[in-house]
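# Summary of the model geometry
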Amino acid sequence: MSVACIVIAGGRRAPLIDQCIIPSVEGKFDQVFVVGEHYRGAGYTYLPVSALTRTTTDALIKRDVGTLASHADWLFYLCDDHAVTSVGMPPN
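These lines cover the structure that appears in this document, whether it is placed above or below. Being a predicted model, the structure only gives us computed values, none of them experimental.

### A look at the sheet that holds strand S3 (residues 45-48)
Taken in spatial order, the four strands make up an open sheet running S3-S2-S1-S4, and their pairing is parallel. Each end of this open sheet is capped by a strand with a single partner; those strands are S3 and strand S4 (74-79). This sheet shows a mean twist of 25° between the axes of neighbouring strands, independent of strand direction. Pairing analysis gives six bridges linking strand S1 (residues 3-9) to S4, with the strands arranged parallel. Bridged to Ile8 within S4 is Cys79.

### Here we look at the side chain of Asp80
Along the chain, the position of Asp80 falls in the segment after S4. Given the relative accessible area of 7%, Asp80 is considered buried. In terms of polar contacts, Asp80 uses its side chain to reach the side chain of Arg13, at 2.7 Å. Sequence-distant contacts of Asp80, defined by excluding residues within four places in its chain, comprise Ile8, Ala9, Gly10, Gly11, Arg13, Leu16, Ile17 and Ile21.

### Let's talk about unusual backbone geometry
The phi torsion at Arg54 lies on the positive side, around 55°, for a residue other than glycine. Looking at where Arg54 falls in the secondary structure, it is placed in the loop between S3 and helix H2 (56-69). Taking the relative accessible area as the measure of exposure, Arg54 reaches 68% and is therefore exposed.

What counts, and at which threshold
- In this numbering scheme, every chain counts its residues from 1 along its sequence in written order.
- Totals for whole chains, interfaces and linings use every residue, but because this is a predicted model, local features are given only for residues with pLDDT of at least 70 and side-chain atom pairs only at 80 or more, for both listing and counting.
- Remark: hydrogens and water are excluded; side-chain values derive from all non-hydrogen atoms of the structure.
- Here, strands pair whenever DSSP counts at least two bridges between them.
- To qualify as a helix, a DSSP run of H or I must reach at least 4 residues; to qualify as a strand, a run of E must reach at least 2; elements of each kind are numbered from the N terminus.
- Fitted lines through C-alpha atoms serve as axes, helices being fitted only where they are in contact, and the angles separating the N-to-C directions of these axes extend from 0 to 180 degrees.
- Partly exposed residues are those whose accessible area sits between 20% and 50% of the maximum for their type, while under 20% is buried and over 50% is exposed, using a 1.4 Å probe and protein chains only.
- A 3.5 Å cut-off defines polar contacts: any pair of N or O atoms within that distance qualifies, except that in protein one atom must be a possible hydrogen donor and the other a possible acceptor, and neighbouring residues in sequence count only when both atoms are side-chain atoms.
- What makes two residues a contact is simply this: any of their non-hydrogen atoms within 4.5 Å.

Following this line, the structure appears as structure tokens:
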């Protein structure tokens, strides 16, 4: 069973993504995507998606882009101000 982590990036928290979020997910997921307004980097696949409405609709669009890019059985979504502290076993 595979699990992907999809980080929704809004563009304003790039240092937080780089310094806290990516290190917190490295090695814990089969796939890691950063979707939205960020940049390419080590430890994840970057999927650029520009803001359209600057509302929560943008986050939903970015979530859908990450979902379509993944082939994992389970998806774990993070906003760009959340990090992972621990990961358990995925549900059966």
